[in-house]
Amino acid sequence: MDNTLENTSLRNLMQNPSQLADIIKDPTKGLDFYKGLSVKEQQYLLFAAAFGLIGYAIYLGRQEKQVDTTS
């Protein structure tokens, strides 16, 4: 399956899950997909990634506190 940059948008990614599977298998396709997005969509992805990392850090911090109190 070839990914064309003409159909590059987050909406198309959600409508075509096989494209997401291709990106997971080959990260270079993911970079090409990202570069083909509009600036606004790139900003959405970066914001979502940052929010996810912050949430994960909070989760790990709480998990560490629970381990310390039970020891």
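Residues numbered from 1 in each chain as written. Predicted model: local features only at pLDDT ≥ 70, side-chain atom pairs only at ≥ 80, totals over all residues. Heavy atoms only, no water.

Caption draft 1: Inspection of the overall build of the protein chain at higher detail. What the protein chain contains, in helices and strands, is four helices and zero strands. Counting from the amino terminus, helix and strand elements in the protein chain follow one another as α-α-α-α. Expressed as a percentage of its 71 residues, the buried residues of the protein chain come to 17%. Partitioning the contacts of the protein chain with sequence separation of at least 6, the portion at a separation of at least 24 is 41%. Carbon together with sulfur atoms contributes 62% to the accessible area of the protein chain, which is approximately 6000 Å² in total. (Helix = DSSP H or I, 4+ residues; strand = E, 2+ residues; numbered from the N terminus. Buried < 20%, exposed > 50% of the residue type's maximum accessible area, 1.4 Å probe, protein only. Contact = heavy atoms within 4.5 Å. Areas by Shrake-Rupley, 256 points an atom, 1.4 Å probe, with all protein chains shown as cover.)

Caption draft 2: The arrangement of the packing of aromatic side chains in detail. Overall, the coordinates contain two aromatic pairs when judged by the stated rule. Centre to centre, the rings of Phe47 and Phe51 are 6.4 Å apart; their planes meet at 20°, and the pair counts as stacked. On the criterion of helical spacing, the pair formed by Phe47 and Phe51 is a turn pair, its members being four residues apart in helix α4 (residues 39–70). Phe47 gets classed as exposed once you look at its relative accessible area, which sits at 60%. Centroid distance Tyr56 to Tyr59: 6.4 Å. Interplanar angle 25°. Geometry classified as stacked. With a gap of three residues between them, Tyr56 and Tyr59 both fall in helix α4, about one helical turn apart. (Phe/Tyr/Trp six-rings, centres within 6.5 Å; stacked < 30°, edge-to-face > 60°.)

Caption draft 3: Local environment of the confidence of the model for the protein chain. Taken as a whole, the protein chain shows an average pLDDT of 84; of its residues, 85% reach a score of 70 or greater. When mean pLDDT is taken per element in the protein chain, helix α3 (residues 27–36) scores highest with 89 and helix α1 (residues 10–15) scores lowest with 84. (pLDDT = per-residue confidence, 0-100.)

Caption draft 4: Focus on the side chain of Gln42. Looking at where Gln42 falls in the secondary structure, it is placed in helix α4. The residues touching Gln42, leaving out its near neighbours within four places in the chain, are Tyr34, Lys35 and Leu37.

Caption draft 5: Quick peek at the packing of helix α2 (residues 17–25) against α3. At a minimum axis distance of 5 Å, the contact between α2 and α3 shows a crossing angle of 120°. Compared by their axis directions, α2 and α3 come out oblique. Here Gln19, Asp22, Ile23, Ile24 and Lys25 of α2 lie close against α3, whose contacting residues are Pro27, Lys29, Gly30 and Phe33. Of the residues belonging to the contact of α2 with α3, the class tally is four nonpolar, two polar and three charged. (Axes fitted to C-alpha atoms, helices over the stretch in contact; angles between N-to-C directions. Parallel < 35°, antiparallel > 145°, perpendicular 65-115°, else oblique. Nonpolar A, V, L, I, M, F, W, Y, C, P; charged D, E, K, R; others polar.)

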